[in-house]
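Below are the chains, spelled out letter by letter.
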Amino acid sequence: MTEATHPGPKQIDGAPPSAADGREVVIRVRNLVKSYGPRTILKGIDLDIHDREVMVIMGGSGSGKSTLLRHLMALEQPTSGSIDFLGRDLCRMSGRDLYDIRKRMGVAFQGGALLSSLTVGENIMLPLREHTDLDEQTMRVMMRLKLEVVELAGFEDLIPSELSGGMLKRAAFARAVIMDPRLLFCDEPSAGLDPVVSSALDDLILRLRDALGITIVVVTHELESAFKIADRITFLDRGEIIMVGSVDEVRNSRSERVQNLLNRRAEHVTLDVDEYLARLTGENLPADAP
Amino acid sequence: MPASARSAGFLDLAERIGRRTVAGVAEIGFAAMLLVESLVWAITGHARRQPVRLAAIVEQMMEIGVMAIPIVSVLSITIGVMLAIQGIYTLRAFGAEEKVTLGVALSVTREFAPLITGILVAGRSGSALAARIGTMSINQEVDALTVMGINPVRFLVAPPLFAMMVMLPALTIYADLVALFGAGLYIGADLGMSMSTYFDRVVEALSINDVMHGIGKSVIFAALVALIGVVNGASVSGGAEGVGRVTTRAVVQGISAIVITDMIFAFAITR
């Protein structure tokens, strides 16, 4: 565990990637910075994600967790820094290499992101259709197998708009794992779901990890869900990682910012007079304004 | 008004014009890039094991072309009859009603059929394309395609672009025939000319260049409508309201681009 009350870019996740348990580092992020104009969203992120672990990335609204996830999925280019996936830098990869790498990643988006013009079954078979030469019957068998795993057997002929929120997310999981990826990203899997469905999705994530042996990165702000599924939790606050550790380490953390997030206490930022006036007049917005 | 305030207002206006100009140029560049990328995927897709799927193009051809046949028929026959009425009315002053076939034949094949079909497809399919891409962007479906290793240009842009470039000329040829038939019905009834005589005169009046002039324009209109739809759809922001905004923008820009291109085409080719 690494914990910092006043974190700098190099203060987190100091454990060597393979020293403790010999597990491979699947994703290694180093000094990742992302700025949009004068606003810096990610301020030097360093992070290692190990093989077959469930890493939960937590943080409040505007903490940068969604931006970090988009970088891990290679949907955005960082301002500086590197992201290695199995030793290969995603930020400096050619389009063709990225295409190959992406076949080894799966993503379950917050709203499912199933193509509305296709049926559930066609959505799940889409990566197979695009990346393999499998015949239709084999693809259908594989699709039904994944639907069984996510407990949606028999729903393949429905269109996405006919599914409930929880079913949509489970279908998205089925599509995300149809190519048996090495790495699965889940964006807010519990958002907008009732506690029972949310808990069932947590179980599904753990089942997928155990059954398929994949590394899973989950972005969420649901504490209960995070504590249930996480092997390790990364806390992001205002574009900085303030802590990486196991569930117990996070619970027992003495960091005020971590405890504020855990106990849902709003943190009031005190501005100096000049900064306050600059905000009011809209001039000279500080470069690191949140 | 103080001089400093006037100066600030002028600078503000200049900045806004500059920003809009840069945004416009960026959109044109994006559209050109989409066109080139679509062509590259069509040519190299098979070799890269990521072909532009024929089934997707055929599906779009059905949607853009075949499903538009009823409304194209109605509009074309109306245009044909309207041109015949106006032509006979104008030529009657000179006692030259018989020459109406020449005017109708040239007007329909060179101008009205491609123009009306282009505007119709812009309103029908260009808007649908913008709304579809916009909704997909908002619902993260485009991101989902990207992370699945499926190129969005190959999957979403190339099929409707190629389908439109095939179906708009096809619809234009169909509109030529229907409009000429509609005009023939009215001319036959008004001037007592038989349909066979009418079509003989139409064929006599037209050259292959006249027909190709209209068809050539329709290919350009097709590319414009498709690319404008995609560019607007891809620029969506702000949820459902944003989708509505880009859809309207796609129709307005599409129709404007068609009319302006038509004028440029006429200026460059006809004179």
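Coordinates for the structure precede this section.
Keep in mind that this is a model prediction, so the values were computed, not measured.

Visitor: Which residues make up the overall build of chain A, and what are the values?
Guide: For chain A, the helix and strand inventory stands at 10 helices and 11 strands. The buried share of chain A, taken over its 290 residues, is 41%. Here the analysis covers contacts within chain A between residues at least 6 apart in sequence; of these, 66% occur between residues at least 24 apart.

Visitor: Could you give an account of the packing of helix H4 (residues 100–138) of chain B against helix H9 (residues 239–269) of chain B, with specific residues and numbers?
Guide: Describing two packed helices takes the angle between their axes plus the distance from one axis to the other. Residues and elements named next belong to chain B. Between H4 and H9, the shortest axis-to-axis distance is 8 Å and the interhelical angle comes to 150°. With respect to each other, H4 and H9 are oriented roughly antiparallel. In this structure, H4 crosses over H9, and the sense of that crossing is right-handed. In contact with Leu115, Gly118, Ile119, Ala122, Gly123, Gly126, Ser127, Ala130, Ala131, Gly134, Thr135 and Ile138 of H4, H9 contributes Gly239, Gly242, Val243, Val246, Thr247, Ala250, Val251, Gly254, Ile255, Ile258 and Asp262. Counted by class, the contact of H4 with H9 contains 12 nonpolar, 10 polar and one charged residues.

Visitor: Describe the pairing of strand S5 (residues 80–85) of chain A, listing the residues and the values that go with them.
Guide: All names here are of chain A. Where strand S2 (residues 25–36) meets S5, five bridges bridge the pair, whose relative direction is antiparallel. When the sheet's bridge partners are listed, Val29 is paired in S5 with Ile83. Sheet analysis places S5 next to strand S6 (residues 88–89), joined by two bridges and oriented antiparallel. Bridge pairing in S6 links Phe85 to Arg88.

Visitor: An account of the packing of helix H1 (residues 3–44) of chain B against helix H6 (residues 152–191) of chain B is needed here, citing residue identities and associated values.
Guide: Residues and elements named next belong to chain B. Where H1 meets H6, the closest approach of the two axes is 9 Å, and the angle between their N-to-C directions is 95°. Regarding the angle of H1 to H6, the classification is roughly perpendicular. Contacts between H1 and H6 involve Leu34, Glu37, Ser38, Trp41 and Ala42 from the former and Val153, Arg154, Val157, Ala158, Leu161 and Phe162 from the latter.

Visitor: Quick rundown of the interface of chain A and chain B? Include the residues and the values.
Guide: With 15 residues of chain A at the contact, the number on the chain B side is 10 residues. Of all the elements in the fold, those that place two or more residues in the side of chain A that touches chain B are helix H2 (95–102), strand S7 (105–108) and helix H3 (120–131) of chain A. Per-element tally for the side of chain A that touches chain B: the top contributor is H3(A), with four residues. When the residues that make up the side of chain A that touches chain B are grouped by side-chain class, the tally is 10 nonpolar, two polar and three charged.

What counts and what doesn't
- Residues numbered from 1 in each chain as written.
- Chains lettered and ligands numbered in written order.
- Predicted model: local features only at pLDDT ≥ 70, side-chain atom pairs only at ≥ 80, totals over all residues.
- Helix = DSSP H or I, 4+ residues; strand = E, 2+ residues; numbered from the N terminus.
- Buried ≥ 20, exposed ≤ 12 C-beta atoms within 10 Å, placed from the backbone.
- Contact = placed C-beta atoms within 7 Å.
- Axes fitted to C-alpha atoms, helices over the stretch in contact; angles between N-to-C directions.
- Parallel < 35°, antiparallel > 145°, perpendicular 65-115°, else oblique.
- Left-handed = near helix turned anticlockwise from the far one by under 90°.
- Nonpolar A, V, L, I, M, F, W, Y, C, P; charged D, E, K, R; others polar.
- Pairing = 2+ DSSP bridges.

By themselves these figures say nothing about function.
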